[in-house]
Amino acid sequence: MIFAFLAVLLVFVSSKSLPPDIKKCSKSDPNLGKCLDTTVVDAVHKLSAGSKDLGVVPLEPLFIEKVDLGNPSDGSVSIHQEYENLRFYGITNATLFDSDADFTGDNCRWKFKTITGAVTMEADYKMTGKLLVFPINGHGKCKNVLYEVFSEYDVKCERFTKKNKKYLRITDFGFKVKPKRVVFGFDNIIDGNEQLSKEVVKTLNENALSVYADVGKAFDEVIAKIWKQTINQVFSRVPEDELFLP
C-alpha cells in the first residue's frame, strides 16, 4: 500500500548515517529494481518500531492525524467523510515486487507493486450524506479491514540544486489500490439509532467492494497529496548522492 512507500522513503532519507545493517542500492546497478525489492522490505521490517536516532516514526501502527475526503458523488455514494487519529496496522507486512527504477542521467522514476495480506484502519470518523439508499449522519469509532491488498505505484521526480548539491523532488505520485475483500465497521453510522446502524453496516459489508470502489479513489487522491508533500519535505533535507551507493 501507499503507506509502505512512505515507510520506505523515511527509512532511506531520514538520516545521513544509516546503521550498517540497513543496505542501500546503487543507481548504476543494472538490477536496481531487484535490489530495491529486497532492501526496502528488509529495511521496513527492521525499523517497524521506529527509530529516534534516525527520526523514523513508528510504522506499526502508522499514525495519521487527519484525513478529509471531501464529498465524492460517484455511484451509490455521496458522502463527506472525515477521519481523525488514524492508525494503520499491517503495512510493514507488504511485499514489494516488479520494481522498475531509473535514477541515472536525467531520469528520475520508480514504478513498483506491492501485496499486503491485510491492512486495518482504526479512526474517529464523521460522515454525512447518502450511502447506498441510506441517509447518513454518523460519528464515532470505525475499524475497516482490507484483505489481500494489491497496489501499483508510478512515481516521477525531478532534480533541483541547493547549496551546490542536487536534491530530488517528487512531481507525480500515481498509484492504484485494489483489495480482494473489505470489511467495514462503523459505530453509530445512523446517529443515535444502534439497531439501524448495525443494519446499515451489514448492508455495507454485503456490498463492500462496490462501496469501496466508489470511495477508494477519493481516499487515494487525498493520501497521495499528503505523502507527496511529506516526502518532498524529507527529500529536501538529504542530497541525492547520499540516498544511493555510487
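Refer to the structure above for everything that follows.
Residues numbered from 1 in each chain as written. Predicted model: local features only at pLDDT ≥ 70, side-chain atom pairs only at ≥ 80, totals over all residues. Heavy atoms only, no water.

Let's talk about the pattern of salt bridges
- As enumerated under the stated definition, the model contains 11 salt bridges in all.
- Notably, a salt bridge pairs Asp 124 with Lys 141, separated by 2.6 Å at the nearest N-O pair. Here Asp 124, found in strand β4 (residues 109-131), pairs with Lys 141, found in strand β5 (residues 134-162); they are 17 residues apart in sequence, far enough to count as distant.
- Relative accessible area serves as the criterion here: at 22%, Asp 124 is assigned to the partly exposed category.
- We classify Lys 141 as exposed; its relative accessible area is 51%.
- In this structure, Glu 158 engages Arg 169 in a salt bridge whose closest nitrogen and oxygen atoms are separated by 2.9 Å. Here Glu 158 is found in strand β5, whereas its partner Arg 169 is found in strand β6 (residues 165-183), with 11 residues between them in sequence. (Salt bridge = Lys/Arg side-chain N within 4 Å of Asp/Glu carboxyl O. Helix = DSSP H or I, 4+ residues; strand = E, 2+ residues; numbered from the N terminus. Buried < 20%, exposed > 50% of the residue type's maximum accessible area, 1.4 Å probe, protein only.)

Quick look at the side chain of Thr 92
- Its place among the elements puts Thr 92 in the loop between β2 (77-89) and β3 (95-102).
- A polar contact of 2.9 Å, which involves the side chain of Thr 92, links it to the side chain of Glu 60. (Polar contact = N/O pair within 3.5 Å; in protein donor to acceptor, adjacent residues only side chain to side chain.)

Quick notes on the nonpolar core
- Membership of the largest hydrophobic core comes to 64 residues, with the highest contact counts inside it found for Tyr 83, Phe 88, Phe 103, Met 127, Phe 186, Ile 189 and Leu 204.
- Broken down by element, the residue count for this core peaks at 10 residues, all from helix α4 (residues 208-235).
- In contact with Ile 189, other than residues within four places in its own chain, are Tyr 125, Met 127, Leu 131, Ile 136, Asn 137, Gly 138, Ser 197, Val 200, Val 201 and Leu 204. (Core = buried A, V, L, I, M, F, W, Y, C linked by side-chain atoms within 4.5 Å. Contact = heavy atoms within 4.5 Å.)

Digging into the packing of aromatic side chains
- As enumerated under the stated definition, the model contains eight aromatic pairs in all.
- Taking the centre distance of 6.4 Å and the plane angle of 40° together, the rings of Phe 97 and Phe 150 count as tilted. In this pair, Phe 97 is assigned in strand β3 and Phe 150 in strand β5, connecting sequence segments 53 residues apart.
- Classification of Phe 97 as partly exposed rests on a relative accessible area of 26%.
- Taken together, a centroid distance of 6.2 Å and an interplanar angle of 25° make the contact between Phe 184 and Phe 186 stacked.
- Look at Phe 186 and you get buried, because its relative accessible area is 8%.
- Through a chain of ring-to-ring contacts, three or more aromatic side chains come together here, namely Trp 110, Phe 112, Tyr 153, Phe 173 and Phe 175. (Phe/Tyr/Trp six-rings, centres within 6.5 Å; stacked < 30°, edge-to-face > 60°.)

On their own, these measurements won't tell you what the molecule is for.
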